[in-house]
Protein chains: 4
Amino acid sequence: MSNSGRVLLAYSGGLDTSTILSWLIDEGYDVIAYMADVGQEEDFEAVRAKALKCGAKDFILDDMRREFVEELIYPAVQANAIYEDVYLLGTSLARPVIARGMIETAEKTGCEYVSHGCTGKGNDQVRFELAFYGLKPDIKVIAPWRIAKFYERFAGRSALLEYAESKGIPVTQTKAKPWSTDENLFHISYEAGILEDPNTTPPDDMWKLTQSPENAPSEPERITIEFKEGIPAKVSVPASGKTHTDSVDIFLTLNALARKHGIGRVDIVENRFIGVKSRGCYESPGATILRTAHIDLEGLTLDREVRRVRDQLITTKLSEILYYGFFFSPESKFVRGCIPASQSTVNGEVKLKLYRGNVVVEGRSSEEMLYDAQFSSMDEMGGFEPENASGFIAVQAIRLRRYGLGQAKKGKAGADIKTAYQL
Amino acid sequence: MSNSGRVLLAYSGGLDTSTILSWLIDEGYDVIAYMADVGQEEDFEAVRAKALKCGAKDFILDDMRREFVEELIYPAVQANAIYEDVYLLGTSLARPVIARGMIETAEKTGCEYVSHGCTGKGNDQVRFELAFYGLKPDIKVIAPWRIAKFYERFAGRSALLEYAESKGIPVTQTKAKPWSTDENLFHISYEAGILEDPNTTPPDDMWKLTQSPENAPSEPERITIEFKEGIPAKVSVPASGKTHTDSVDIFLTLNALARKHGIGRVDIVENRFIGVKSRGCYESPGATILRTAHIDLEGLTLDREVRRVRDQLITTKLSEILYYGFFFSPESKFVRGCIPASQSTVNGEVKLKLYRGNVVVEGRSSEEMLYDAQFSSMDEMGGFEPENASGFIAVQAIRLRRYGLGQAKKGKAGADIKTAYQL
Amino acid sequence: MSNSGRVLLAYSGGLDTSTILSWLIDEGYDVIAYMADVGQEEDFEAVRAKALKCGAKDFILDDMRREFVEELIYPAVQANAIYEDVYLLGTSLARPVIARGMIETAEKTGCEYVSHGCTGKGNDQVRFELAFYGLKPDIKVIAPWRIAKFYERFAGRSALLEYAESKGIPVTQTKAKPWSTDENLFHISYEAGILEDPNTTPPDDMWKLTQSPENAPSEPERITIEFKEGIPAKVSVPASGKTHTDSVDIFLTLNALARKHGIGRVDIVENRFIGVKSRGCYESPGATILRTAHIDLEGLTLDREVRRVRDQLITTKLSEILYYGFFFSPESKFVRGCIPASQSTVNGEVKLKLYRGNVVVEGRSSEEMLYDAQFSSMDEMGGFEPENASGFIAVQAIRLRRYGLGQAKKGKAGADIKTAYQL
Amino acid sequence: MSNSGRVLLAYSGGLDTSTILSWLIDEGYDVIAYMADVGQEEDFEAVRAKALKCGAKDFILDDMRREFVEELIYPAVQANAIYEDVYLLGTSLARPVIARGMIETAEKTGCEYVSHGCTGKGNDQVRFELAFYGLKPDIKVIAPWRIAKFYERFAGRSALLEYAESKGIPVTQTKAKPWSTDENLFHISYEAGILEDPNTTPPDDMWKLTQSPENAPSEPERITIEFKEGIPAKVSVPASGKTHTDSVDIFLTLNALARKHGIGRVDIVENRFIGVKSRGCYESPGATILRTAHIDLEGLTLDREVRRVRDQLITTKLSEILYYGFFFSPESKFVRGCIPASQSTVNGEVKLKLYRGNVVVEGRSSEEMLYDAQFSSMDEMGGFEPENASGFIAVQAIRLRRYGLGQAKKGKAGADIKTAYQL
């Protein structure tokens, strides 16, 4: 067959992307297999061997761990990013790093196409492709799971297995787990398969990155995290006698601690970008500790109104940008650009106790001066004139009293205290 | 001394309000002592006796538990109300109920004054007084801790004790605890005293409403909560074989379960309305379970965009209204009035595991049809045409590609993929 | 050809939808032509005749003017709905009414298909179809301008004209205007054609619904509008000696007045839902008067905080819902459901002067009591104790002074007043 | 009398501040009179003479016009700042500049006190004092109109006049106008006096900074404004043959043009920070032109989502910060710091017609590439595949169809199209 062009394929080593690799070759493409090391547990050499065995012209492994931590994870920590109150965005955070690695590699290797194995109902196809287009508007994308010729041929696992056999693609997992996963150093996700019934409790042996709280140590462990401008700068672990200051080391250390103490599991039904609800289970061990500590330190060090504006603007919008896949967009650049100024005072230390799923704040301190125990003290005057509070209240009440008078005149308040403000 | 008028005093039975009671009489007022039963653990008869002994003309005890649960707590549950990501607003929620009880009672008993023992630096003075003025714009308020004549005389605990002795006021607590508390059926708060150093870990014996996770049972317990329009309608407790459907019973049952399993403690530095930061510790046992369950069920049953608008509008604003004390205000009536419509689909059951501080969702179900496993399934087509996702992505990308082209022309993107969207 | 099914076509009488009508018949469909009377200037009988001449099985004309005004326009007035600061949403407001009429008619007439003549780049295709699907999830939509077989055949006006001639479709407009329009009783829009250059000034003779300010009367005219709960209830026009109280009559009266006085033209570049920018010119005569009057009356009658919440929630979100076409959605039902409670106090009269493009507020009055001249008066005490303001300011300053002290300690403020808060 | 200290007084030359000046001296203070030149029309030498005649130790005049325009006005233009949909914040914008000038001068001249003549019900007392405290937390403020000794003595204009006579203070205005004004180069405000009746139309001769539309030229005038990163960089005035590029010159030129053409008057009832409603009339001539032009150019050059975030965050919050007086606050620094990134693409030209109160946009152009006429064109394919819109709509409809199915099952939709989404 004549050459259809050159494709860089996001390759996982699994059955799906191996099939895609082989099928693309069938379709006349030259294929380079691409894998980003974003901290997932993986035998990269085995993946390389498999890619080449499937016919890839090359296999490229990119170590993205540091930029994943520093450019994606830490800004999300600064912004307390979270989706729908629960999901810490572990998959979403890795996508921009992988997509950028792919576009860079595509340019270097002369690939005019990029391809991926995401399905047509999920978020990841959107995240990858919007990132591709944002970075390189003229890139061409091949998404086989949205091409009838492909998805009709490979409807069902048996068709994939049969094809693999015919192509000599080694199928490592003789029996697939009854769910899908996505793993990186931030988290692992579980979805699909038996999890699609939202009332099914995930089996204990599904969870991979954390101990269950029940099996966690019976003794609590105490650590201290220091933040500089909202970014974790030092983790002290008395039990090991070590302190950690390198960004990646900090994150991996927290992961190990959280794993040991059963911290970071969630199980939710969330709203995908394409408008369907989806059940997902996640383990985000270190990130869960960091979130608790960061929010706590902001209590001590962040001005109330800065926090409020940040919560409304950055937290909400950044989380949506990440989840929906708009990282490489003008609004992302704008919103992310607002983060550092919100964090200039978020400096200090948080003391934490880790125990069977719990992250307990036991104290915090800071050189920033927004908290003043003496001034806040209920027991001391500390330069405060209580009469000022009377004036404050009186002025705050002006509007309410005026409204109350108006209501009373209408017979809506005053006449009946009980029902005046009922709905 | 000539009669200065008639005062309804919010009376706690403690040293402060007993002193205020007596002092108001010294100042020529007739005083009626008022106590709201909002579920705090209290020997009401002892308080009554003490009030009368201090010279109160009468002691009035109002059982407010049901309206506290139904009019305040459950709407807050529906709205996922929370202050600064952590505080569930237990004190804030009780204030409107107490204040309304006082204004009703003041009207019935002919009191033209109301009085309270809140200090001049706290939130509660504001919450009480804004509620008073909203309900009865012409009410007169006596806040002794903001009156120099009072606070200068009673500067320090010894002055209070001395006065109490001189008046024959019984001082039950020979030695005060080194913190202040506020308790109701929703929560207990601890602040001031030794807690004013935000780096001091609260002593184990401070916590009153919950077992510590370390001392909680080693066996998890499973329960089911059913919600109707976002309000808990039934709690099933297999261990006891009981189901609970009465609003107050449900809440007290969840309190007992959470207490047993060490659920609901937090320790934060928060921003008071008057602009100082303050350290507070809270136990909100049952409320913590309810919050987890309610948010989870919304995942299954609430439309994504309704949730988003609700989060931005109602959750944030209602929480601020409650914390700042604007419950009896036009904006409160407006915002609370929007809650029910947001909850019409929040019907269903959540299965929970309670274990040593953890509230673990193990499944959820609903007759609402917003979740459709088949349609969401990654493994089935289920009426979904994957090509539609291609169009969806292509249209979403139009804006990003246009921006990318513009950036490239300016030499800001394209030329250097790595830095194109960096800050 | 065998019968492909029954289609209800949104028919305008123009070349495009006449061609579509005929082409659908070619494709084997039975076609019923549908037109909604939303107040556009149109010879409905001529349209009917043309539809039938083109082969329609029937022509159905629905008078939607009253529900357009009462169900769409007036809630938008209450909410001050506006898109991107300028566009009053005239086309967006009519779409839900038309779409609902079509779905009702499709059900009555047994059409399993609906069709429209919207192009593939615009907002209206989205608005129509999302409305169709929201109202009748299983409806089937035929959008010829997105079907290659159609749009490739009819690429360019000459192909349309040729086909029309071949089918005996009368082409009324021998020469098309160099722009497209959409008209209803709320507004007319102009876009495309020569307007696609955003730097081209629209020719004077384009504007249809309003006099130019230059040609408007040299004498101002004064009118009064009375609102009840935010809805216009009475318009008094001294010049004619008439008062108008019927909802449609009020709107048409304001249209006539605004037309005469050159009020309501705008010319903008806006952001379409599909992510392209688009230049549009609009005339929204009566709506411009109503908006000015309603906002003004809210100043007098709406509580500050209710207004703020309403502005953030309802105004912004409703405007987006309308523009993007999500009127028949859960979030629309929720958001619209919040409007009435925000308007309960918006009762009163506004006096206006209309003059050459200007809508000048000359006064307003209300029985609501939120404004109190005496209390607001700078010249009178009116029950206000100025010392309260001192306390108010002192408390507001606590946070700022604390921050200032912290900055000073860091050498960021105090040392240099000029630069302390510069960026 | 012994020396009470040294006061820097914000001095206007009027009866109030002259009385305060003299009274402060009576009270034992040394007083330095301070006036900021923020562009108001004023005989500064006469003011100086009067201050010294009243007994001021010195009179200091600060020319603040450039920093007023560059540090306050232009960021507000970039952010489209506006209060309650109507008020362009002219007084609010000048206060930070004046307050900073005062604190700088107080430091230079060794004044430990600052004083002003603002009344106790207004916004300006708050704006001044919060600025003072933010810039210099230990500053002491004397606000005579909130000191009973002062305001009781000077209750009413006759007491002021009598005192002035006794002190030999010249009273220039023999008859006060029946309203108060505040003027600077951005605007003039009118309030109080006869304006306190919100139904009173302001008399024609009140307006000072603009011609009435009726008396404006009968010929329109055309100008062009060029913006760079959202800041006006050049104004071209064909009628004069001049172009203006200096920041202050640009603003004054636009003021002159707007004045001539009757542009920039508003009359509103607004909500003051202290919770009362207040009627104010304003002329903001040049600012009105700039606002129209800036918003228009954003249509052409600003990304839709950046605009949306900016509108929600910066526009709303900055406007409140300015109006309430929190310019020197952490949240102000944060929010203002986000403005520049939002404006990087706001480059280009806007063509305007000025005519009798109307600012009509006649075209706009830009080198930014967010608008692409060919791509937006309804008449051309321009690389757009209409089928993509089908996919886009189909995916957007998933959520609505699911909801519609759920409603239908409940008998809420489908059964009755007409009422399905009614409230």
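Note that the structure is a prediction, hence the values are computed from the model and not measured.

### Observations concerning the pairing of strand S1 (residues 5–10) of chain B
Residue and element names in this part refer to chain B. Counting buried positions along S1 yields five of six residues, so the element is predominantly enclosed. The pairing of S1 with strand S2 (residues 29–37) spans six bridges and is parallel. Among the inter-strand pairings, Leu8 is bridged to a residue of S2, identified as Ile32. Read from S1 through helix H1 (residues 15–26) to S2, the crossover connection turns out right-handed. Relative to strand S4 (residues 113–115), S1 is paired through three bridges, and the arrangement is parallel.

### Observations regarding the relation of the copies chain D and chain A
With an RMSD of 0.0 Å, the operation that places chain D on chain A is a rotation of 180° combined with a shift of 0.0 Å along the axis. Put plainly, the chains are arranged around a two-fold axis. Comparing contact sets, 100% of the residues at the interface of chain D also lie at the interface in chain A, consistent with an isologous, same-surface contact.

### A short note on the interface of chain A and chain B
Residue-level contacts link 120 residues of chain A with 121 residues of chain B. Roughly 10,800 Å² of surface becomes buried between chain A and chain B when both sides are summed, with 54% attributable to carbon and sulfur atoms. One salt bridge connects Glu214 of chain B with Lys353 of chain A, and the closest N-O pair in it is separated by 2.7 Å. Summed over the shared surface of chain A and chain B, the number is 51 residue pairs in polar contact (both at pLDDT 80 or more).

### Focus on the domain arrangement of chain A
Residues and elements named next belong to chain A. According to the domain assignment, chain A consists of domain 1 (6–64 + 87–173), domain 2 (181–302 + 345–365) and domain 3 (386–421). For domain 1 and domain 2, the distance between their C-alpha centroids amounts to 29 Å. Contact with domain 1, which involves 18 residues of that partner, is made by 21 residues of domain 2. Around 1,400 Å² of area is buried between domain 1 and domain 2 when both sides are counted, 59% of it from carbon and sulfur atoms. On the domain 1 side of the contact with domain 2, Glu41, Tyr87 and Leu88 bury the most area, a combined 37% of that side's loss. At the junction of domain 1 and domain 2, the tally comes to three salt bridges.

### Some remarks on the environment of Gly117 of chain A
Residue and element names in this part refer to chain A. In this fold, Gly117 is placed in the loop between strand S4 (113–115) and helix H5 (124–135). Looking at Gly117, the relative accessible area reads 21%, which means it is partly exposed. Taking C-alpha positions, Gly117 is 61 Å from Lys418, a pair spaced 301 residues apart along the chain. Once you skip the residues sitting within four places of it in the chain, Gly117 turns out to touch Thr17, Ile20 and Trp145.

### Digging into the packing of helix H1 (residues 15–26) of chain A against helix H2 (residues 44–54) of chain A
Residue and element names in this part refer to chain A. In the contact formed by H1 and H2, the axes pass within 9 Å of each other and the chain directions differ by 30°. When the interaxial angle is binned, H1 and H2 end up roughly parallel. Crossing of H1 over H2 shows right-handed handedness. Within the contact between the two elements, H1 uses Ser18, Leu21, Ser22 and Ile25 and H2 uses Lys50, Ala51 and Cys54.

### Considerations on empty space enclosed by the protein
Of the volumes computed, that of the largest cavity is approximately 130 Å³. As for the largest cavity, its lining consists of 16 residues, of which Gly275, Val276 and Lys277 of chain A, Leu370 of chain B together with Arg402 of chain D are closest to the centre. When contributions to the lining of the largest cavity are tallied by element, the ones reaching two or more residues are helix H12 (373–376) of chain B together with helix H13 (386–409) of chain D. With four residues, H13 of chain D is the single largest residue contributor to the lining of the largest cavity. Looking at side-chain class alone, the lining of the largest cavity contains six nonpolar, three polar and seven charged residues.

### Description of the relation of the copies chain A and chain B
Least-squares fitting of chain A to chain B yields an RMSD of 0.1 Å, with the transformation described by 0.0 Å of translation along the axis and a rotation of 180°. Interface residue correspondence from chain A to chain B reaches 100%, placing this contact among same-surface, isologous pairings.

### Side note on the sheet that holds strand S6 (residues 180–183) of chain D
Residues and elements named next belong to chain D. Ordered by their spatial adjacency, four strands build an open sheet running S6-S7-S12-S11, and the pairing between neighbours is antiparallel. Only two strands of the sheet have a single neighbouring strand rather than two, namely S6 and strand S11 (265–271). Within the sheet, the average angular offset between the axes of one strand and its neighbour, ignoring direction, is 25°. Here four bridges tie S6 to strand S7 (residues 188–191), and the two strands are oriented antiparallel to one another. Following the sheet pairing, Asp182 is matched in S7 by Ser189.

### Section: the sheet that holds strand S13 (residues 348–355) of chain A
Residue and element names in this part refer to chain A. Spatially, the five strands line up as an open sheet ordered S10-S9-S8-S13-S14, and their pairing is antiparallel. At either end of the open sheet lies a strand with only one pairing partner, and these are strand S10 (242–244) and strand S14 (358–365). When strand polarity is set aside, the average angle formed by the axes of neighbouring strands in this sheet is 20°. In the sheet, S13 pairs with S14 via seven bridges, with the strands oriented antiparallel. Bridging from a neighbouring strand, Glu349 pairs with Ser365 of S14. Where helix H8 (residues 247–260) meets the sheet, its contacts fall on strand S8 (221–228), strand S9 (231–237), S10 and S13, and the angle it forms with S9 comes to roughly 55°.

### Re the UniProt feature "domain: Arginosuccinate synthase-like N-terminal" (unreviewed entry) in chain A
In the numbering used here, UniProt assigns the "domain: Arginosuccinate synthase-like N-terminal" (unreviewed entry) feature to residues 6–170 of chain A. Taken end to end, residues 6–170 of chain A is 52% helix and 16% strand, and its two terminal C-alpha atoms sit 24 Å from one another.

### Here we look at the packing of aromatic side chains
How two aromatic rings sit relative to each other is given by the distance of their centres and the angle of their planes. This model, assessed by the stated rule, comprises 77 aromatic pairs over all chains. Stacked on the ring of Tyr323 of chain C, the Lys or Arg Arg127 of chain C has its end atom at 4.8 Å from the ring centre.

### Focus on the interface of chain D and chain A
Listed as interface residues are 21 residues of chain D and, on the opposing side, 21 residues of chain A. Counting each side, the surface lost to burial between chain D and chain A is near 1,700 Å², with a carbon and sulfur contribution of 80%. Looking at the side of chain D facing chain A, the largest losses of area belong to Ile274, Val309 and Phe334 of chain D, adding up to 32% of the total buried there. Remark: the boundary between chain D and chain A carries two salt bridges.

### Here we look at unusual backbone geometry
Unlike most non-glycine residues, Asn80 of chain B shows phi in positive territory, near 55°. One non-glycine residue, Asp85 of chain D, lies in the positive phi region at around 70°. Tracing the backbone shows Asp85 of chain D in the loop between helix H3 (65–78) and helix H4 (90–109). On the accessibility criterion, Asp85 of chain D (34% relative accessible area) is partly exposed.

### Some thoughts on the side chain of His116 of chain C
All names here are of chain C. The topology assignment puts His116 in the loop between strand S4 (113–115) and helix H5 (124–135). By relative accessible area, which is 1% here, His116 ends up buried. Within the structure, the side chain of His116 is placed 3.0 Å from the backbone nitrogen of Cys118, a separation counted as a polar contact. Side-chain polar atoms of His116 contact the side chain of Glu129, separated by 2.6 Å. The contact partners of His116, leaving out residues within four places of it in the chain, are Leu9, Ala10, Ile20, Gln125, Phe128, Glu129, Phe132, Val141, Ile142, Ala143, Pro144 and Arg146.

### Re the confidence of the model for chain A
Scored by pLDDT, chain A comes out at a mean of 94, with 96% of its residues at no less than 70. Here the complex is predicted with pTM 0.96, and the ipTM for its interfaces comes to 0.95.

### A word on the pattern of salt bridges
All names here are of chain D. Evaluated as defined, the whole model comprises 152 salt bridges over all chains. The closest approach of N and O atoms between Arg127 and Asp124, which form a salt bridge, is 2.8 Å. Taken as a pair, Arg127 and Asp124 lie in helix H5 (residues 124–135) at a separation of three residues, close to a single helical turn. In this structure Arg127 comes out as buried when scored by relative accessible area, which is 5%.

### Overview of the pairing of strand S12 (residues 277–283) of chain B
Residue and element names in this part refer to chain B. Taken across its seven residues, S12 has seven buried, putting it largely inside the fold. A two-sided burial pattern is seen for S12, the buried positions comprising Lys277, Arg279, Cys281 and Glu283 on one face and Ser278, Gly280 and Tyr282 on the other. With four bridges connecting them, strand S7 (residues 188–191) and S12 associate as antiparallel partners. Paired with Glu191 across the bridge in S12 is Gly280. Inspection of the sheet shows strand S11 (residues 265–271) paired to S12 by seven bridges, in the antiparallel sense. Residue pairing for S12: Asp267 is matched across the bridge by Cys281. Taking the residues that link successive antiparallel strands as the turn, the S11-S12 hairpin has five residues, and the phi of Gly275 there is positive, at about 95°.

Calculation rules
- Residues numbered from 1 in each chain as written.
- Chains lettered and ligands numbered in written order.
- Predicted model: local features only at pLDDT ≥ 70, side-chain atom pairs only at ≥ 80, totals over all residues.
- Heavy atoms only, no water.
- Buried < 20%, exposed > 50% of the residue type's maximum accessible area, 1.4 Å probe, protein only.
- Helix = DSSP H or I, 4+ residues; strand = E, 2+ residues; numbered from the N terminus.
- Pairing = 2+ DSSP bridges.
- Right-handed = clockwise from strand over helix to strand, strands pointing away.
- Least-squares fit on C-alpha atoms with pLDDT ≥ 70 in both.
- Contact = heavy atoms within 4.5 Å.
- Buried area = accessible area lost by both parts, 1.4 Å probe.
- Salt bridge = Lys/Arg side-chain N within 4 Å of Asp/Glu carboxyl O.
- Polar contact = N/O pair within 3.5 Å; in protein donor to acceptor, adjacent residues only side chain to side chain.
- Domains from an automatic or database assignment.
- Axes fitted to C-alpha atoms, helices over the stretch in contact; angles between N-to-C directions.
- Parallel < 35°, antiparallel > 145°, perpendicular 65-115°, else oblique.
- Left-handed = near helix turned anticlockwise from the far one by under 90°.
- 1 Å grid on protein atoms, 1.4 Å probe; cavity = no way out; pocket = protein on both sides within 12 Å on 5 of 7 lines; lining within 4 Å.
- Points joined across faces, edges and corners; volume = space filled by probe spheres on them.
- Nonpolar A, V, L, I, M, F, W, Y, C, P; charged D, E, K, R; others polar.
- UniProt positions renumbered as here; feature names shortened; annotations may be inferred.
- Phe/Tyr/Trp six-rings, centres within 6.5 Å; stacked < 30°, edge-to-face > 60°.
- Lys NZ or Arg CZ within 6 Å of the ring centre and 35° of its normal.
- pLDDT = per-residue confidence, 0-100.

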